[in-house]
Amino acid sequence: QLINEELIKEMLPKRDDHSHKGSFGKALMIGGSKAMPGALAIAAKACAASGIGTLTLMEPDCIGDLMAMKMDFAMHLRANDRDGHFALSAVLDADALWTMQDHLEWLNRNAPTILTPHVKEMTFLTNKTVQEILESPFSTVREFTNKYSNCILILKSDITYIGSKNDFYVLSRPNSALAKGGSGDLLCGILTGILGHKISPSKGAACAAYLHSKSAEINKDPASINSEDIIKELAFVLQK
């Protein structure tokens, strides 16, 4: 299905006024480092702006005070750190898609797992080159989701392909405003917030990809649009 506004209006859950914070899910976001605290902050702000019920951040201790100042509406779990990163005793290190290329068996999980690779990261998860993926994005996504049946894949490029065992969506809204660092963190946050509304993972992925893209269509030069602009615009896109 081609993702458009009408489809998203059908799929996006409506918020019931007769509800409470437990109605909209609990999220745990794990991330951050001394060199890159902004990634977790961007994702967390986008998650909160997408309607999550309660949000907890697990961060290395070295950025705990900073994150507490940035995110006073989230709960915080401080983990042991080493050299500005998570200590191995606390949690697996980041750049999980790169690490996963040697452990693809980790994807054979019972729980739904949503991955959001760009084309280069997709090469870590397949035996294909960037050029091969660009030439055959449909078959690349379909082959992957057939092999890992509990995975939902959001393959990010100028056109976004979203596939699962039963669904396939395409978002064709190229926008250079998203061609910068932090865009993936925004998508992660929006996706997490939407999933708190008790929506299926594949539909949630489609909604998040659309909201992410639509919120970047701001009346500014795309070179000047940043993550904070998109998070603010998200409120108006959701309202519409």
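This write-up is about the structure you can find in this document. Model, not experiment: these values are computed from the prediction.

Looking at the packing of aromatic side chains
Link 1 in the chain: This model, assessed by the stated rule, comprises 3 aromatic pairs.
Link 2 in the chain: Measuring from centroid to centroid gives 5.3 Å for phenylalanine 138 and phenylalanine 168, while their planes differ by 25°, and the two rings are stacked. Taken together, the residues span a long stretch of sequence, with phenylalanine 138 in helix H7 (residues 137-147) and phenylalanine 168 in strand E9 (residues 168-171) at a distance of 30 residues.
Link 3 in the chain: On the basis of relative accessibility, which here comes to 47%, the residue phenylalanine 138 falls in the partly exposed class.
Link 4 in the chain: With relative accessibility at 15%, the residue phenylalanine 168 sits in the buried group.
Link 5 in the chain: Centre to centre, the rings of phenylalanine 144 and tyrosine 148 are 4.9 Å apart; their planes meet at 50°, and the pair counts as tilted.
Link 6 in the chain: Taking the relative accessible area as the measure of exposure, phenylalanine 144 reaches 4% and is therefore buried.
Link 7 in the chain: Residue classification places tyrosine 148 among the buried residues on the basis of a relative accessible area of 5%.

Examining helix H10 (residues 227-239)
Link 1 in the chain: Taking 1.5 Å of rise per residue, the 13 residues of H10 would be expected to cover 18 Å, and the 19 Å separating its terminal C-alpha atoms lies within 8% of that figure.
Link 2 in the chain: A maximum bend of about 25° is found in H10 at glutamate 233.
Link 3 in the chain: Among the residues of H10, those classed as buried are Ser227, Asp229, Ile230, Ile231, Leu234 and Val237.
Link 4 in the chain: Lining the buried residues of H10 we find helix H2 (37-49), helix H8 (183-195) and helix H9 (201-214).
Link 5 in the chain: Capping of H10 at its N-terminal end is provided by asparagine 226; its side-chain oxygen lies 3.1 Å from the backbone amide nitrogen of glutamate 228.

Description of the packing of H9 against H10
Link 1 in the chain: Contact geometry for H9 and H10: axes closest at 9 Å, N-to-C directions at 115°. Where H9 crosses over H10, the two elements pack in a sense that is right-handed. Of the residues in H10, those touching H9 at Leu211, His212 and Lys214 are Ile230, Leu234, Val237 and Leu238.
Link 2 in the chain: Residue composition of the contact of H9 with H10, grouped by class: 5 nonpolar, 1 polar and 1 charged.

Looking at a nonpolar patch on the surface
Link 1 in the chain: There is a patch of nonpolar side chains on the surface, built from Leu28, Ile30 and Leu77 and spanning about 280 Å² of accessible area.
Link 2 in the chain: Along the chain, leucine 28 turns up in strand E1 (residues 26-30).
Link 3 in the chain: On the accessibility criterion, leucine 28 (49% relative accessible area) is partly exposed.

Some remarks on H8
Link 1 in the chain: Look at H8: 18 Å from first C-alpha to last across 13 residues, which is about the 18 Å you get at 1.5 Å a residue.
Link 2 in the chain: Looking at the packing, one finds that the buried side of H8 touches E1, H2, strand E6 (113-115), strand E7 (151-155), H9 and H10.

Here's the deal with the packing of H8 against H9
The axes of two packed helices give the description: the angle between them and the distance between them.
Link 1 in the chain: Between H8 and H9, whose axes approach to 9 Å, the crossing angle comes to 135°. Between H8 and H9, the angle falls in the class oblique. Seen along the crossing, H8 lies across H9 with a hand that is right-handed. Counting all contacts with H8, which are made through Ser183, Leu186, Leu187, Ile190, Leu191, Ile194 and Leu195, the residues of H9 involved are Pro201, Gly204, Ala205, Cys207, Ala208, Ala209, Leu211 and His212.
Link 2 in the chain: Class assignment of the residues belonging to the contact of H8 with H9 gives a composition of 12 nonpolar, 3 polar and no charged.

The rules we used
Residues numbered from 1 in each chain as written. Predicted model: local features only at pLDDT ≥ 70, side-chain atom pairs only at ≥ 80, totals over all residues. Heavy atoms only, no water. Phe/Tyr/Trp six-rings, centres within 6.5 Å; stacked < 30°, edge-to-face > 60°. Helix = DSSP H or I, 4+ residues; strand = E, 2+ residues; numbered from the N terminus. Buried < 20%, exposed > 50% of the residue type's maximum accessible area, 1.4 Å probe, protein only. Expected span 1.5 Å × (residues − 1). Bend = angle between axes of the 7 residues up to and from the residue. Contact = heavy atoms within 4.5 Å. Polar contact = N/O pair within 3.5 Å; in protein donor to acceptor, adjacent residues only side chain to side chain. Axes fitted to C-alpha atoms, helices over the stretch in contact; angles between N-to-C directions. Left-handed = near helix turned anticlockwise from the far one by under 90°. Nonpolar A, V, L, I, M, F, W, Y, C, P; charged D, E, K, R; others polar. Patch = residues over 30% accessible without salt bridge, like charges linked within 9 Å, V, L, I, M, F, W, Y side chains within 5 Å. Areas by Shrake-Rupley, 256 points an atom, 1.4 Å probe, with all protein chains shown as cover. Salt bridge = Lys/Arg side-chain N within 4 Å of Asp/Glu carboxyl O. Parallel < 35°, antiparallel > 145°, perpendicular 65-115°, else oblique.

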